[in-house]
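# Notes for the structure review
Take a look at the letters that make up each chain.
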Amino acid sequence: MQTKGRFDPNSPQIKAYEKELAHQFVREGTMVAFPMCLPGMTSPITHDECRITALDIDSEGHIYGGTSGRQAHLFAAAFHDLTGVVLDAGVVPDGTSSVAVCCAKSRVLAFVNGARGGRAIAIPEIDLAQDWIQEWGLAPPVLQDLGECVPREPVVHAICDPSRSTVIGITTGHLFTVDVESGKVVVIGEVSGRGHLGMSSSGVFGQDEGARLWHFDLASGKIRRAAVDLPEGEWTAALRWSCGGDTDQLITADAAGHLFSFDENKGFRSLGKAHLAPVGPMAMIPDGRLFGFCGPEMANLFCCDRISGSVSNLGVAASVLEQRRYGYQFGDAVTGPDGEIVFGEDDNDGHLWLYFPKIKRVTRNL
Amino acid sequence: MKPVRYNEERDDLDYLFDLAEMVDDPGTSGRASQCKIHYSFAPSMHDGVLYMATHLSGPPIDLPRYSPWYSWHDATRCFRGSALLAFDTRNDRVLWWDTLIPKEGCRCLLHDEEHGLLYAMSYPRDHFIIYDLQTRKRRDVGRISSINPQALFLDKRHRVWTSSDYGRLVRYTPETDRLEISPGLLAHDVNYQSGWHSVFYDVAPSPDRECVYASTWCPNPHLMRIWPNEGEWPRVEDLGPATQPRDPTFPIDMFTDHCGGLTFAGDGKLYYVASRWRDPKYNPMPGSGKELQGVVWRLDPQTLAREEVTLLKHPTGVANYVSRGAVDHNGDLFFGHVGNRPSGIFKVSMPAERKKKNAHLPIRMWG
């Protein structure tokens, strides 16, 4: 059976389609895929051990993260000043899945699951602020295993408290805290251990059974189950929260891609809907725009502009600077000091993807 | 889209069947259409079956072009998937078909006959796929990189080899079920290239199966000889550029600078086709000959000496972009060519002293 094309190449529909195709990759801003090494000088983290699933950023703008795969690695990265480097801080013995990295005040704690359970691992301070163009020098860091957080329960997520002296984490059944300085783990109580944690001004919110959130009050140390009802939506999947905003700027999404902001005093507010679901990592930049990935297998970047009220499709990630690469799956995100976003690629040979959003035009009346 | 076979009795081509119709994915579906087979013909010697898997790029019937990235999430437009079809060459009939890779095309295919497995590379996501012929189940082992390699090959230990887009060998080992990347790079021009885009274009096994000969899908492709059965990682011998010098300050058209069609003939020598083109500085090519030529070369594996054998001649079009080469049971050479409409096959009749009966054996098990 032979078939010939049935279309008018000059029709408005076909011209519009051609225009769409011409902008199917990163329609706004610039993506840079950075390899997991000092480019040209060291080898990157092994291909099948380099799914980047956890990121955080410290007060210096240095990024710490963890990978998943055949072995979990922890790493540190910097992209400002004379840096441009990713350092492999080491392999976590028997670890296969990094679920959270928390840049605390005195050191970084990572939470890694594997054959020896869900463990807290301390990464020492790494001197990234060097001249990585000309001359550098440092000893390989030594990871410190702080032990299993809750016996026989994998860690699900963890975040720092506002003082960055305590980490609050959850396993599949419990909430725990870690004193960053001493490394002491305290199990606070039972919670429904699903999804990521969100930090508000009063404490931590996590996904409870049913369409509700539990709340952990930092001042009293008490857990309140079923503290908040989630708005109408599909709350069947594990929750994610955006990062990068202030503590009163929590944003999440339901399983259908509906986006909601959450303020513990005002409740939830609908922000629109991403064009694909599920919604993956999201990060907010200082002007209030939220960027994230949505869709399975081949995710699309989207932008939620809370001022204009629009949610737009920015296409598939692609990098033509530093490394030429398509980006399909992403595991976590942080917002950098200058409003750039760093996405961790959750794929074989994962890269750190720096996204520089398009600068919005400002009209000045002089 | 029809698979084509050279018929030696008629000295002509047989157009076998409409593949889209056979796999129940008609061109009128509104989805991206079944349109071609890339390097995805793989034989099965014990039963005479030829496996073939389709690639993508044909647009839906009412659109001028198709992008798998743009339409990935569009159920009405997205390519249904690479169709794997088993064709019984002894009885000229299609035995069965299956979807090899949903939503994606198959760039290249390999058959490990002893293990009953097909190996494939998906496009565009560049995932390594294993298909069990007994259970007819596929397994996705994961992503390699971004630029598709155009060939897979098998070593004596049933390990499968290909390449990443930064010019490294990729090895799949069945015992460990793991994809590993080599520390070393494939051959490329170190004067101005980094190894990026040095993915395999074509790989031919030596008759004794101790090594393979390969070219890359990269401007200024180098020929190389690789010894996969030696050492932790194979020795890669750079046999030098396959095509002429050129201006390295401007990126040449990839349909101009090309090498493919690697095959051993009955005389135990490697034959391949490399492009040659008129260049005012590097290759003035006097006379009124074609600007673009397809040159058949013969390489002696013992001495590595090369000699020009002949030019491929197309009556109206070009002959510089040969995809694959093969030798038949009589010892004559055949080269698949793309770049003209329709695509075609060149036959190079070999002189008697370079022929051998059953020269195609042992047969190449990958596309």
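Residues numbered from 1 in each chain as written. Chains lettered and ligands numbered in written order. Predicted model: local features only at pLDDT ≥ 70, side-chain atom pairs only at ≥ 80, totals over all residues.

Across its full length, chain A holds one helix and 28 strands. On C-alpha atoms alone, chain A measures out to a radius of gyration of 21 Å, which is about the 21 Å that the 2.2 N^0.38 rule sets for 366 residues. Overall, chain A is about 70 × 65 × 55 Å in size when its C-alpha atoms are taken along their principal axes. Out of the 366 residues belonging to chain A, those deemed buried represent 49%. When contacts within chain A are restricted to residue pairs at least 6 apart in sequence, those whose partners lie at least 24 apart make up 49%. (Helix = DSSP H or I, 4+ residues; strand = E, 2+ residues; numbered from the N terminus. Rg over C-alpha atoms; globule rule 2.2 N^0.38 Å. Buried ≥ 20, exposed ≤ 12 C-beta atoms within 10 Å, placed from the backbone. Contact = placed C-beta atoms within 7 Å.)

Turning our attention to unusual backbone geometry. The omega angle of the peptide bond from alanine 277 of chain A to proline 278 of chain A is 0°, so this bond is cis rather than trans. Mapped onto the fold, proline 278 of chain A is located in the loop between strand 20 (267–273) and strand 21 (279–284). With an omega dihedral of 15°, the bond running from tyrosine 123 of chain B to proline 124 of chain B counts as a cis peptide bond. Positive phi outside glycine occurs at glutamate 322 of chain A, with the angle close to 65°. Mapped onto the elements, glutamate 322 of chain A comes out in the loop between strand 24 (310–319) and strand 25 (325–327). Classification of glutamate 322 of chain A by C-beta neighbours within 10 Å gives partly exposed; the count is 17. Positive phi outside glycine occurs at arginine 209 of chain B, with the angle close to 65°. If you trace the backbone, arginine 209 of chain B turns up in the loop between strand 15 (200–205) and strand 16 (212–216). Judged by C-beta crowding, with 13 C-beta atoms within 10 Å, arginine 209 of chain B ranks as partly exposed.

All names here are of chain B. On domain assignment, one finds that chain B holds domain 1 (1–143) and domain 2 (186–367). The straight-line distance from the C-alpha centre of domain 1 to that of domain 2 is 25 Å. The element that contributes the greatest number of residues to the side of domain 1 that touches domain 2 is strand 7 (residues 105–112), accounting for four residues. (Domains from an automatic or database assignment.)

All names here are of chain A. Across the sheet, which stays open at both edges, the four strands sit in the order 10-11-12-13 with antiparallel pairing between neighbours. Only two strands of the sheet have a single partner each, and these edge strands are strand 10 (155–160) and strand 13 (185–190). Neighbour-to-neighbour, the strand axes of the sheet open up by a mean angle of 20°, direction not taken into account. Where strand 11 (residues 166–171) meets strand 12 (residues 174–179), five bridges bridge the pair, whose relative direction is antiparallel. (Pairing = 2+ DSSP bridges. Axes fitted to C-alpha atoms, helices over the stretch in contact; angles between N-to-C directions.)

So, on to the nonpolar core. One recurring pattern in soluble globular proteins is that nonpolar side chains are buried together. By size, the foremost hydrophobic cluster in this structure holds 104 residues, and its most contacted members are Cys102, Ala110 and Val167 of chain A. Among the elements that take part in this core, strand 4 (residues 72–78) of chain A stands out by supplying six residues, more than any other. For alanine 110 of chain A, the residues in contact, after removing those within four places along its chain, are Ala54, Gly66, Leu74, Ser98, Val101, Ile121 and Ile123 of chain A. In terms of nonpolar packing, the next biggest core, distinct from the first, is built from 85 residues, Met52, Leu109, Val203 and Val296 of chain B among them. (Core = buried A, V, L, I, M, F, W, Y, C linked by C-beta atoms within 7 Å.)

Before going further, it helps to spend a moment on the pairing of strand 10 of chain A. On a regular strand, each side chain points to the face opposite its neighbour's, so the side chains alternate between the two faces of the sheet. All names here are of chain A. With respect to burial, strand 10 is a largely interior element, six of its six residues being buried. Where strand 10 meets strand 11, five bridges bridge the pair, whose relative direction is antiparallel. Note that in strand 11 the partner of valine 155 across the bridge is threonine 171. Taking the residues between adjacent antiparallel strands as the criterion, strand 10 and strand 11 are bridged by five residues, where arginine 164 takes a positive phi near 60°.

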